[in-house]
Amino acid sequence: MPRLLCFTAHPDDEAGGFGGTLLHYAERGIETHVICLTSGTAATHRGGAKTADELAAMRRKEFAESCKLLKVAQGTVLDFEDGKLDQVDFYSVVSDLALRVREIRPDVIITMGPEGAITAHPDHSMVSILATMACHWAGRSNRFTDQLQNDLKPHQTKKLYYGTTLFTMPDRQPVSLPPSSAVIELTQRELEVKIAAFKCHTSQAPLFPFFEETVRKRGRLELFHLAAASTPRKIEAETDLFAGINS
Ligand SMILES: [Zn+2]
């Protein structure tokens with residue numbers, strides 16, 4: 001079964017950034033995985049939680065509900081600190097993520113762009129950089145060699161994509177987005193499930209009206225930039241992230 005792995009920074013990124021695409025591929029027989037690096041405890045909106053631990057538990061549950069709607073086979077929330085991904089130990093986090101890549105063995109990895117996506121959030125930039133290096137180094141036999149025991153092998157992912165858009169938000173810090181090279185056209189139903197998945201994140205309810213307005217205005221397209229491929233190629237316009245992959 002072909003596999004898709006999505007790396008995100010916060011619970012709700014999986015729905016807001018990639019929800020339509022995750023559902024789209026799950027329903028086409030792709031095994032989908034989401035790894036979210038933080039439990040989102042730095043959020044402005046706290047859903048009535050009194051402590052960070054309470055908010056983390058709430059957001060993990062919301063993430064699980066969102067993943068269920070999006071038919072994600074395996075959704076994982078890691079324990080890195082929200083808002084501080086730019087201060088983590090780079091090598092040890094990439095090692096952790098590369099181990100997960102070697103275990104899941106995805107054909108395609110999707111994540112945010114190093115610009116930080118349209119919100120310019122530094123955690124979004126960092127998940128991009130950390131996941132990018134995990135993708136590349138998981139494939140090399142001379143990286144994280146301590147992992148290559150007990151039958152675990154290097155794994156070269158066939159394609160790496162960054163999510164992107166054709167618009168920026170005027171009230172945010174400037175971002176220079178990766179140009180779109182792949183367009184996934186969602187059905188209206190897939191778009192509605194994406195919105196419903198975002199609304200599983202009830203602690204973030206004050207964001208719902210703005211999110212829904214933005215998503216509906218943006219329409220039924222989720223856009224990606226091909227950032228790396230295991231076979232050398234020229235960039236081409238694609239409508240399928242699995243194009244040219246024979247599993
Ligand atoms: Zn986020």
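Worth saying up front: this structure is predicted, and the values here are computed from it rather than measured.

A. Region of the structure containing the overall build of the chain. Assigned secondary structure in the chain consists of 6 helices and 7 strands. Reading the chain from its N terminus to its C terminus gives the helix and strand order β-α-β-α-β-α-β-α-β-β-α-α-β. By the compact-globule yardstick of 18 Å for 247 residues, the chain fits well, its C-alpha radius of gyration being 17 Å. When burial is assessed residue by residue, the chain has 43% of its 247 residues classed as buried. Considering only intrachain contacts with a sequence separation of at least 6, the fraction spanning at least 24 residues in the chain is 79%.

B. How the structure looks around the sheet that holds strand 2 (residues 31–38). With mixed pairing, 7 strands are arranged side by side in an open sheet as 3-2-1-4-5-7-6. Each edge of the sheet is formed by a strand with only one pairing partner; in this case those strands are strand 3 (74–80) and strand 6 (182–185). On average, adjacent strands in this sheet sit at an angle of 25 degrees to one another, irrespective of strand direction. For strand 4 (residues 108–111) and strand 5 (residues 159–164), the ladder comprises 4 bridges, and the chain directions are parallel. Across the sheet, the residue bridging to V108 is K159, located in strand 5. Across the face of the sheet, helix 2 (residues 52–69) comes into contact with strand 2 and strand 3 while running at roughly 155 degrees to strand 3.

C. Geometry of the pairing of strand 1 (residues 3–8). Summarising burial for strand 1: 5 of the 6 residues are buried, a large majority. Where strand 1 lies against strand 2, 6 bridges are found, and the strand directions are parallel. Bridge pairing in strand 2 links L4 to T32.

D. Representation of helix 2 within the structure. Between its first and last C-alpha atoms helix 2 spans 26 Å; for 18 residues at 1.5 Å apiece the expected length is 26 Å, and the two agree. Those residues of helix 2 that fall on the buried side of the exposure criterion are L55, M58, R59, E62, F63, S66 and C67. Buried residues along helix 2 sit in contact with helix 1 (13–26), strand 2, strand 3 and helix 5 (188–198). At the exit of helix 2 stands K71, carrying a positive phi of roughly 60 degrees.

E. Just unusual backbone geometry, in detail. Phi angles above zero are rare outside glycine, and D12 is one such case at about 105 degrees. Residue class for D12 comes out buried when judged on the 26 C-beta atoms lying within 10 Å of it.

F. Representation of the nonpolar core in the model. Ranked by size, the top nonpolar core spans 56 residues in total, and within it V127, A134 and Y161 carry the most contacts. Of the residues forming this core, the biggest block, 7 residues, is contributed by helix 4 (residues 122–138). In contact with V127, other than residues within four places in its own chain, are F7, T8, A9, L37, L85, T111 and M112.

G. Up close: helix 1. Its axis deflected by about 80 degrees at G19, helix 1 carries its strongest bend there. Among the 14 residues in helix 1, 13 count as buried, and that is most of the element.

H. Layout of the environment of F18. As for its placement among the helices and strands, F18 is situated in helix 1. F18 sits in the buried class, given 30 other C-beta atoms within 10 Å. In this structure F18 touches C6, I110 and G163, once residues within four positions along its chain are discounted.

Calculation criteria
Every chain is numbered independently, its residues counted from 1 as its sequence is written. Selection of residues for local features in this predicted model requires a pLDDT of at least 70, selection of side-chain atom pairs for listing and counting requires 80 or more, and totals for whole chains, interfaces and linings are taken over all residues. Strands are runs of DSSP state E lasting at least 2 residues, helices are runs of H or I lasting at least 4, and numbering of each runs from the N terminus. Only the C-alpha atoms count toward the radius of gyration. The rule for a globule is 2.2 Å times the residue count to the power 0.38. Exposed residues have 12 or fewer other C-beta atoms within 10 Å of their own C-beta, buried residues have 20 or more, and partly exposed residues fall in between, where C-beta atoms are placed from the backbone. Two residues qualify as being in contact provided that their C-beta atoms, derived from the backbone, are within 7 Å of each other. The pairing criterion for strands is at least two bridges between them, as found by DSSP. For helices, the axis comes from a line fit to the C-alpha atoms of the stretch in contact; other axes are also lines fit to C-alpha atoms, and the angle between any two N-to-C directions lies between 0 and 180 degrees. Helix span, expected: 1.5 Å multiplied by one less than the number of residues in the helix. Only buried residues count toward a nonpolar core: Ala, Val, Leu, Ile, Met, Phe, Trp, Tyr and Cys, linked into one set through C-beta atoms within 7 Å. Axes are fitted to the seven residues ending at a residue and to the seven starting at it; the angle between these axes is taken as the bend at that residue.

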